[in-house]
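This is what each chain is made of:
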There are 2 protein chains.
Amino acid sequence: MKYIWYNMEAREILKEHIARTAVLTDEEFDRFFSCFKPLTFKKGQVVIREGDKVDSEYFVISGCLKAFFVNDDVKMYILQFAMPTWWTSDYNALYSGARAGINVDCITDVELLCLSNADREKLCKEIHQVEHFFRWRTNKGYVAAQRRLLSFMNNDAKARYEELLKLYPQLYNLVPKHLIAAYLGVSRETLSRLYNSH
Amino acid sequence: MKYIWYNMEAREILKEHIARTAVLTDEEFDRFFSCFKPLTFKKGQVVIREGDKVDSEYFVISGCLKAFFVNDDVKMYILQFAMPTWWTSDYNALYSGARAGINVDCITDVELLCLSNADREKLCKEIHQVEHFFRWRTNKGYVAAQRRLLSFMNNDAKARYEELLKLYPQLYNLVPKHLIAAYLGVSRETLSRLYNSH
DNA sequence: ACTGAAATGTGACGTAGGTCACGTAATCCT
DNA sequence: AGGATTACGTGACCTACGTCACATTTCAGT
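All values reported here derive from a predicted model rather than from experimental measurement. (Residues numbered from 1 in each chain as written. Chains lettered and ligands numbered in written order. Predicted model: local features only at pLDDT ≥ 70, side-chain atom pairs only at ≥ 80, totals over all residues. Heavy atoms only, no water.)

Trainee: Please explain the relation of the copies chain A and chain B as it appears in this structure.
Mentor: Note that the two copies of the chain are related through a rotation about an axis and a translation along the same axis. Under the fitted operation, chain A is carried onto chain B by 0.0 Å of movement along the axis and a turn of 180°, and the coordinates agree to an RMSD of 0.0 Å. Taken together, the rotation angle and the small translation identify this as a two-fold axis. The fraction of interface residues of chain A whose copies in chain B are also interface residues reaches 100%, indicating that both copies meet through the same surface. (Least-squares fit on C-alpha atoms with pLDDT ≥ 70 in both. Contact = heavy atoms within 4.5 Å.)

Here is the structure:
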């Protein structure tokens, strides 16, 4: 049920996003943008399913997705909520060629720009500033992942909950609480008890 | 007590490491290598101290370091053990210009190659393949960080301990157990109980 | 609007792992 | 070599959080 869409806004959103870290001429940006395929999904639809071949990553124009792992006991752990101007995929699979080990699906209706692994590498080779952009995008992601790891080791569930809401207040009434719990790594019951008094 | 050293091996170790992800001409590698400053540290010496200005990252030639955070209760959490051919620094501070929020010190005697932030950026600009190399270095780091995060959420202390030893068996008799515990995010007492049966 | 399915709240109870306390063994330093 | 520091083991107890069970509320699809 994916279908193609187009709006001028998406182009501008991506252009503005890139401009924060790299300098592209208009021709370079045209070439860059031409590699992205616009997609929409409805709430609940799956973008990447565990076991899939993964050959693309996704830039979020609108809506909210989750990248999550489900273990043998059917417990879900959310690695990332993907919001507008964020990138998402199963990067382990995408970079290594392995099958997807996680799932990505849509918490709300979503508009995405899809970039294939092959096109990204081609663009990085052709346009030095594109490689620069992707280097810094991952640099920031790496730092964020380290920070989250530290928060996991150092803080209890309540502190992590407050930290998350301070960082992303939009999440509070956008995603159901049991997904917040799955992101924080606590049971939904414990999370419920955390914010209802004590 | 840092002092300058030099050995031909370091150059070859770095060269071989780079060659795994990027293709440099001999001249390009000469230029690249000329930006690295060799340093040695004795066991226990501090490379980065919390609060320091951080302007370099470090490539490990020999020995083992730890990158760690100490919280208000003086509990230590180890973000990374740095082994030969790994890179280490406080990347949050290095990339953002902030003061160091973590410490890096030496578990054994150590030989490092030091690369300044400014030189890295200059090299990335001059030599496209260097930017390529650093993009992929961080890509891999990002994937590893995500994997560790997931392991934290999904596995208990024992499973994480076994995972660590399977991945890096050298650590077992290289670093003291309480540091392993600080990496796993458990108390040294709990870790001790884990491997002495039950 | 009706109905089944999610999402949420809350009690009772279990458990992994933390903390404190104290001991022994291994290293380091001069 | 001897004393001090650091590493490690183990028992007793505590606590944050998980699990299960069930009630209630909200939401989505026809």
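Right, picking up where we left off after that structure.
Trainee: What is the right way to look at the protein's contact with DNA strand C in this model?
Mentor: Neighbouring DNA strand C are 19 residues, the closest being K177(A), R188(A), R193(A), Y195(A) and T190(B). The separation between a base oxygen of DNA strand C and a polar side-chain atom of R188(A) is 2.8 Å. The backbone of S187(B) places a nitrogen or oxygen atom 3.0 Å from a phosphate oxygen of DNA strand C. Looking at the surface near DNA strand C, the elements with two or more residues in it are α7 (177–184) and α8 (188–195) of chain A together with α8 (188–195) of chain B. The element that contributes the greatest number of residues to the surface near DNA strand C is α8(A), accounting for five residues. Here the surface near DNA strand C is built from residues that sort into four nonpolar, six polar and nine charged. (Near = heavy atom within 4 Å. Polar contact = N/O pair within 3.5 Å; in protein donor to acceptor, adjacent residues only side chain to side chain. Helix = DSSP H or I, 4+ residues; strand = E, 2+ residues; numbered from the N terminus. Nonpolar A, V, L, I, M, F, W, Y, C, P; charged D, E, K, R; others polar.)

Trainee: Quick question: what am I supposed to make of the domain arrangement of chain A here?
Mentor: Buried accessible area, meaning the area lost when the parts come together, often serves as the stated size of an interface. Residue and element names in this part refer to chain A. Segmentation of chain A into domains returns domain 1 (8–142) and domain 2 (155–198). Each partner contributes to the interface: domain 1 provides 12 residues, whereas domain 2 provides nine residues. Summed over both sides, the interface between domain 1 and domain 2 buries roughly 890 Å², with carbon and sulfur atoms accounting for 84% of that surface. Three residues, I78, F81 and M83, lead the burial of domain 1 against domain 2; their summed loss comes to 51% of the area buried on that side. Taken together, the connections running from domain 1 to domain 2 amount to zero salt bridges. The tally of links from domain 1 across to domain 2 stands at one residue pair in polar contact (both at pLDDT 80 or more). Looking at the side of domain 1 that touches domain 2 residue by residue, the class counts come to nine nonpolar, two polar and one charged. (Domains from an automatic or database assignment. Buried area = accessible area lost by both parts, 1.4 Å probe. Salt bridge = Lys/Arg side-chain N within 4 Å of Asp/Glu carboxyl O.)

Trainee: Can you walk me through the sheet that holds strand β4 (residues 65–70) of chain A in this structure?
Mentor: Strand pairing within a sheet occurs via backbone hydrogen bonds; the two strands may be parallel or antiparallel. Residue and element names in this part refer to chain A. Read from one edge of the open sheet, four strands run β2-β7-β4-β5, paired in antiparallel fashion. Edge strands, defined here as strands with exactly one partner in the open sheet, are β2 (46–48) and β5 (76–82). Ignoring strand direction, the axes of neighbouring strands in this sheet form an average angle of 30°. Note that β4 and strand β7 (residues 103–106) share four bridges and pair antiparallel. (Pairing = 2+ DSSP bridges. Axes fitted to C-alpha atoms, helices over the stretch in contact; angles between N-to-C directions.)

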